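# An overview of the molecular structure
In case you want the letters, here they are:
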Amino acid sequence: MHKAQSVRGRGGTVVRNRKAYMDNGYTDAPVNPAKKPSNPSVSTGRHNQTYALMFVVILSFSTRFFKVMEPPHICWDETHFGKMGSYYINRTFFFDVHPPLGKMLIGLAGYLTGYDGTFPFIKPGDKYEHHNYLGMRGLCAALGSCLPPFAFLTVLELSHSPLLSVSTNSVSLYTGCITISQYILLDPILMFFIMAAVLSMVKFNRQISSPFSPSWWLWLILTGVNLSCALGVKFVGLFVILLIGLNTARDLWIILGDLQLSLVDFGRHLLARIFGLIVLPMFLYTTIFAVHFVVLNRSGPGDGFFSSSFQSRLIGNNLHNASMPEYLAYGSVITVKNLRIAGGYLHSHWHLYPEGVGARQQQVTAYHHKDYNNLWVVRRQGDGEDSGAPDLVRHGDIIRLEHKETTRNLHSHFHEAPLTKKHFQVTGYGINGTGDPNDLWQVEVCGGRKGDLVKVLRSKIRFLHLSSHCVLHSSGKTLPKWGWEQVEVTCSPYLKDTPNSQWNIEDHINPKCKPNLCMNMKTVIWWLNLVCLGLYVVMVATASVSLQRGLQLDEKRRGGGMLFLGWLLHYLPFYSMGRILYYHHYFPAMLFSSMLTSIWSCLPTSWLCFFFFFVLFSSFYLFHPLSYGMRGPLAHDPSSSMANLRWMDSWEF
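Residues numbered from 1 in each chain as written. Predicted model: local features only at pLDDT ≥ 70, side-chain atom pairs only at ≥ 80, totals over all residues. Heavy atoms only, no water.

### Quick word on the overall build of the protein
Our working rule: To qualify as a helix, a DSSP run of H or I must reach at least 4 residues; to qualify as a strand, a run of E must reach at least 2; elements of each kind are numbered from the N terminus. Any residue under 20% of the maximum accessible area for its type is buried, any over 50% is exposed, and the rest in between are partly exposed; the area is computed with a 1.4 Å probe on protein chains only. In this description, accessible areas are obtained by the Shrake-Rupley approach with a 1.4 Å probe, and a residue is regarded as covered only by the protein chains that are shown.
Counting secondary structure elements, the protein contains 19 helices and 14 strands. Looking at the protein as a whole, 52% of its 653 residues qualify as buried. Of the roughly 30,200 Å² that the protein leaves accessible, carbon and sulfur atoms contribute 63%.

### Considering the UniProt feature "transmembrane region" (unreviewed entry) in the protein
Our working definition: UniProt positions are given in the numbering used here, feature names are shortened, and annotations may be inferred rather than shown by experiment.
When the UniProt feature table is mapped onto this chain, "transmembrane region" (unreviewed entry) is found at residues 183–204, 216–249, 270–295, 524–547, 559–578 and 598–623. Note that residues 216–249 is 91% helix and 0% strand, and that its end C-alpha atoms are spaced 17 Å apart. Structurally, residues 270–295 comprises 100% helix and 0% strand, and the distance from its first C-alpha atom to its last is 37 Å.

### Thoughts on the pattern of salt bridges
Two side chains carrying opposite charge are able to pair once their charged atoms lie near each other. To be explicit about the condition: By definition here, a salt bridge exists when the distance from a side-chain nitrogen of Lys or Arg to a carboxyl oxygen of Asp or Glu is within 4 Å.
For the structure on display, the rule yields 15 salt bridges. Salt-bridge contacts for Asp-265 lead to Arg-268; the nearest nitrogen and oxygen are separated by 3.9 Å. Remark: Arg-268 and Asp-265 occur in helix H13 (residues 263–295); sequence separation between them is 3 residues, near one turn of the helix. One salt bridge in this structure joins Lys-421 and Glu-416, with 3.8 Å as the shortest N-O distance. Note on Lys-421: relative accessible area 47%, which makes it partly exposed. Within the structure, one salt-bridge network assembled from shared partners comprises Glu-157, Lys-203 and Arg-206.

### Topic: the pairing of strand E10 (residues 441–445)
Spelled out, the test is: Strand pairing is defined by DSSP finding a minimum of two bridges between the two strands.
In E10, alternate side chains face the same way, and those of Trp-441, Val-443 and Val-445 are buried while those of Gln-442 and Glu-444 on the opposite face are not. With 2 bridges joining them, strand E7 (residues 398–403) and E10 adopt antiparallel strand pairing. Looking at E10, one finds that Ile-399 is bridged to Trp-441.

### Concerning helix H16 (residues 560–571)
Test applied: To estimate how far a helix should reach, multiply one less than its number of residues by 1.5 Å.
With 12 residues, H16 should cover 16 Å at 1.5 Å per step; its first-to-last C-alpha distance of 16 Å lies within 8% of that length. Taken as a whole, H16 has its buried residues at Gly-560, Met-562, Leu-563, Phe-564, Gly-566, Trp-567, Leu-569 and His-570.

### Considering the packing of aromatic side chains
For clarity, the threshold we go by: Pairing of aromatic rings covers Phe, Tyr and Trp, the last counted by its six-membered ring, and requires centre-to-centre distances within 6.5 Å; plane angles under 30 degrees mean stacked, over 60 mean edge-to-face, and any other angle means tilted.
Inspection of every chain in the model, using the stated rule, returns 19 aromatic pairs. A ring pair is formed by Tyr-285 and Phe-289, whose centres lie 5.2 Å apart and whose planes are at 70°; its orientation type is edge-to-face. One end of the pair is Tyr-285 and the other is Phe-289, both in helix H13 and 4 residues apart, which spans about a single turn. The interplanar angle of 65° and the centroid separation of 5.8 Å between the aromatic rings of Tyr-353 and Trp-482 together place this pair among those described as edge-to-face. Placement of the pair is Tyr-353 in the loop between strand E4 (345–352) and strand E5 (362–367) and Trp-482 in the loop between strand E12 (470–478) and strand E13 (487–492), with a sequence separation of 129 residues.

### Observations regarding a nonpolar patch on the surface
Heads up, the rule is: Patches were defined on residues exceeding 30% relative accessible area and lacking a salt bridge, with like-charge contacts within 9 Å and nonpolar side-chain contacts (Val, Leu, Ile, Met, Phe, Trp, Tyr) within 5 Å.
On the surface, a nonpolar cluster with roughly 710 Å² of combined accessible area is contributed by Trp-217, Leu-270, Leu-271, Ile-274, Phe-275, Ile-278, Val-279 and Met-282. The biggest single contributor to the nonpolar patch is H13, with 7 residues. Position of Leu-270 relative to the elements: it lies in helix H13. Here Leu-270 falls in the partly exposed class, since its relative accessible area comes to 32%.

### Quick word on the side chain of His-395
Which entries qualify depends on this criterion: Between N or O atoms, a polar contact is any pair within 3.5 Å; within protein, one atom must be a potential hydrogen donor and the other a potential acceptor, and residues adjacent in sequence are included only when both atoms are from side chains. Throughout, a residue-residue contact means that at least one pair of heavy atoms, one from each residue, lies within 4.5 Å.
Among the structural elements, His-395 can be located in the loop between strand E6 (376–380) and E7. Residue His-395 is classed as buried on the basis of its relative accessible area, which comes to 14%. Within polar-contact distance, the side chain of His-395 engages the backbone nitrogen of Val-445 at 2.8 Å. With near-sequence residues (within four places) excluded, His-395 lies in contact with Val-443, Glu-444, Val-445, Gly-448, Arg-449, Lys-450, Gly-451 and Asp-452.

### Some details on helix H6 (residues 147–159)
Taking 1.5 Å of rise per residue, the 13 residues of H6 would be expected to cover 18 Å, and the 18 Å separating its terminal C-alpha atoms lies within 8% of that figure. Most of H6 is tucked away, with 12 of its 13 residues classed as buried. Those residues of H6 that sit buried are Leu-147, Pro-148, Pro-149, Phe-150, Ala-151, Phe-152, Thr-154, Val-155, Leu-156, Glu-157, Leu-158 and Ser-159. Within two residues after H6, His-160 carries a phi angle of roughly 60°, on the positive side.

### A look at the packing of helix H11 (residues 214–233) against H13
Filter applied, for reference: Axis lines are fitted through C-alpha atoms, for helices just across the contact stretch, and the angle between N-to-C directions can take any value from 0 to 180 degrees. When the near helix sits turned anticlockwise from the far one by under a right angle, the crossing is termed left-handed; a clockwise turn instead gives a right-handed crossing.
With their axes 8 Å apart at the nearest point, H11 and H13 run at an angle of 35° to one another. H13 is crossed by H11, and the crossing has right-handed handedness. Residues Trp-216, Trp-217, Leu-220, Ile-221, Thr-223, Gly-224, Val-225, Leu-227, Ser-228, Leu-231 and Gly-232 of H11 lie in contact with H13, whose contacting residues are His-269, Ala-272, Arg-273, Phe-275, Gly-276, Leu-277, Leu-280, Pro-281, Leu-284, Tyr-285 and Ile-288.

### Quick look at the environment of Arg-313
Note that Arg-313 resides in the loop between helix H14 (308–311) and strand E3 (333–338). Taking the relative accessible area as the measure of exposure, Arg-313 reaches 62% and is therefore exposed. The spacing of Arg-313 and Arg-298 is 15 residues in sequence and 8.4 Å in space, taken between C-alpha atoms.

### A look at the pairing of E12
Two strands pair when backbone bridges link them, and strand E11 (residues 461–465) and E12 are joined in this way by 2 bridges, in the antiparallel orientation. Looking across to E12, one finds that Leu-464 is bridged to Val-471. Pairing analysis gives 5 bridges linking E12 to E13, with the strands arranged antiparallel. Within E13, the position partnered with His-473 by the bridge is Thr-490.

### Brief notes about the side chain of His-570
Residue position: His-570 is located in helix H16. Here the side chain of His-570 touches Gly-566 through a polar contact of 2.8 Å, landing on its backbone oxygen. Among residues more than four places away in sequence, those in contact with His-570 are Ile-194, Val-236, Phe-239, Val-240, Pro-588, Ala-589 and Phe-592.

### Quick notes on the nonpolar core
The following threshold applies: Definition of nonpolar core: a set of buried residues of the types Ala, Val, Leu, Ile, Met, Phe, Trp, Tyr and Cys, connected through side-chain atoms within 4.5 Å.
In terms of nonpolar packing, the biggest core is built from 82 residues, with Ile-106, Ile-189, Phe-193, Val-240, Met-562 and Phe-592 touching the most fellow members. Counting residues in each nonpolar core, the second largest holds 29 residues, with Leu-328, Tyr-330, Leu-472 and Val-489 among its members.

### Thoughts on the packing of helix H12 (residues 237–256) against H13
Defined as follows: For this classification, under 35 degrees means roughly parallel, over 145 means roughly antiparallel, 65 to 115 means roughly perpendicular, and everything else is oblique. Lys, Arg, Asp and Glu make up the charged group, whereas Ala, Val, Leu, Ile, Met, Phe, Trp, Tyr, Cys and Pro make up the nonpolar group; the residues left over, Gly among them, are polar.
Packing of H12 against H13 brings their axes to within 10 Å, and their N-to-C directions diverge by 170°. As far as their axial angle goes, H13 and H12 are roughly antiparallel. Within the contact between the two elements, H12 uses Ile-244, Thr-248, Asp-251, Leu-252, Ile-255 and Leu-256 and H13 uses Leu-263, Phe-266, His-269, Leu-270, Arg-273 and Leu-277. Here the residues of the contact of H12 with H13 are counted per class, giving 8 nonpolar, 2 polar and 2 charged.

Have a look at this one:
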C-alpha cells in the first residue's frame, strides 16, 4: 500500500496525501520545486522534449496544409459554413442551430485574406473560380494542425515521456483528422478549443506547489477562456465543460481534506475557480452573442425566426423604420406571428389534410419564412363589406380571419389535431368569406381591458374560438411530409396564457389607414484505440486488486483516468441523440482515446512504441489518398487503386 508522503502544497502548506494528487492527474510534482536538479540528464531530457515537439509540429502542419487548396470547389458542408462566413462579411443576419463563434472566425479569416463575401456557396461541386477561399480553409487547417501538438503536450504532462508523447502522432497522421481540417468546417475549430481547454487544465493541475501565482492564474484563466470558446462553436463543448467540472470538484474535495489549510484558504480556492471557470466563461459566451448581433445588422434569411421588434432593427427589413398604421383595423391585410421562440407565421395553402387526419379541409400551419401565403384579411363578424372610414379592432371584438390567397376562413372544430391529440384541429374553411359559426374568433389583448385598441407589432394578442372555447396555439411540433414539415397549429382547450398561444400583428396593410392613425469508414487507428480502451479498463481493474492486496505499483505515470472520462463524456451522449449522426461527431472522443492509447503504451520496454509508430506510418501511407484525393475508378471498381483497401464491405470510399 502507498504511504502518505509530504509535498509542498497550496499556499506553502504541506500536502500529506501524495497519491491523491497523483490520482487526480497532477502527476509528479517535485518535492522541493525551488531546488534545481543537478542531474545532467535532465537538461538532455528537456532538449529531447523540444525536438520531439518540433517534429510533431512540423509533421502536423505539413500534412494539413499539403494540397489545402484542392479541390477548388465546394466540398460537403462548406456550402453551409462558407456561406455563413460570407453573411458575416456582408453583415447579413441569419439563423443557425450552432453558436456563432466558429462561423465568425471563418468570416474574419476570409475578410482578412481578401475574400469579399460574394461567392454564393449554393451546392457542393460549384467552382470557386476567382474567389479567394484560402483564408477560410487556412484557418481550419491551422487550428487543426494544433491538435497533435496539444495532444503531445497533454500526454507529456501526464506521462513525462517524450517517446510516448510522440506516439500521439496518431492524431497527426489519422487521415480522417487530416481531411476534416482541410475544409471550411466547424469541427477543427471546435476540437482546437476542446484540446486547448484540456491542456490548460492539465497545466493548471501542475501548479499545485504555487497556488495563486501568475502561472497558476494564467492556466486557470486560459482554461475558462477555452471552455467558453468551445461552447461558443458547438454545444458539444458542454461535454468538456463537464469533464473539467468533475476535475475541479475532485480538486476542491482534496483541498478540503488538507487539514493544514484553513477554511479561509479553501474559500479563496473556491472563489478563484468560480471566477475563472464559471463567471469569466459566462461573460465571454454572452459577449460572443453580443458581437454576433452587432455585426449582423442587415436583413437576411434568418429574420422570420425572431420577433417583430427585433426585425425592425435590421437594415433592409420591411419593418425597419417602417411607416405603417399603428392600430389594427377591419379590412387590413396582415401577417400574424407566434411569440414562442421560432414560432413562425400563421400560414395556409391549398393543400388539404390527408385522409384520417381530422376533417379533410385546408391545412393551417406556422411557417418560419416570409411568404405570400402568410397574409390574412381581418373581417367583421358579419358578412357586410368594410367601407367608409377605418373601423379599429378592439379587445373583445369578434372577427374572422380570411386567408388572402385561398379566401378560406380560419376555422376550428372538435376534431383532434394532427399531432397534439388533446388539442383541436385548425383548418381553412368556406370560400370567398362564407363559412359557418366555427370561423369566429374573439380578439384578446394580453393584459388589456374591453375596448383597448390592438397595436401593430407591440400588442400581444390571443384568438379565442367562440364555439370550442379554445385558443389558437402553435405547438412547435413539425408536421410530416404531407404538411411540408411546417409547424403544427392547433386550438388548445387549455387557456393558460403562454407564448405558444400569444401572437402579434407584424405586417399591416390598409389603404384606408394613415400611418399615424392605425462518410461511414474506420481505419487501423480507430481499432487500436478501441483495443486500448478495453485494455485500460482491464489494467485499472488489475491495479485496483493489486493495491487492495498491498502490492506496490509505479506512481510515475498517471492521468489515464482523466482521459478515459473525457472519452466517455464525448462518446456516450450521442447514444441518446435522436438526430442523424455523422462520422465527424465522434472526432472529439477520438482525440481522448488517442491520448489514452499513448498513456497505455507506457511499458518498461519501448519496442511496443516503435511497433506502434510503424503501424501508424504504414496506415497513413496506405490511406493518404483519402485525405488528399483519389484518382481513377471508384473504390468499388476492382481496377481501382483503392479497391484492395476496402478491408470491410461496410467501408465506403
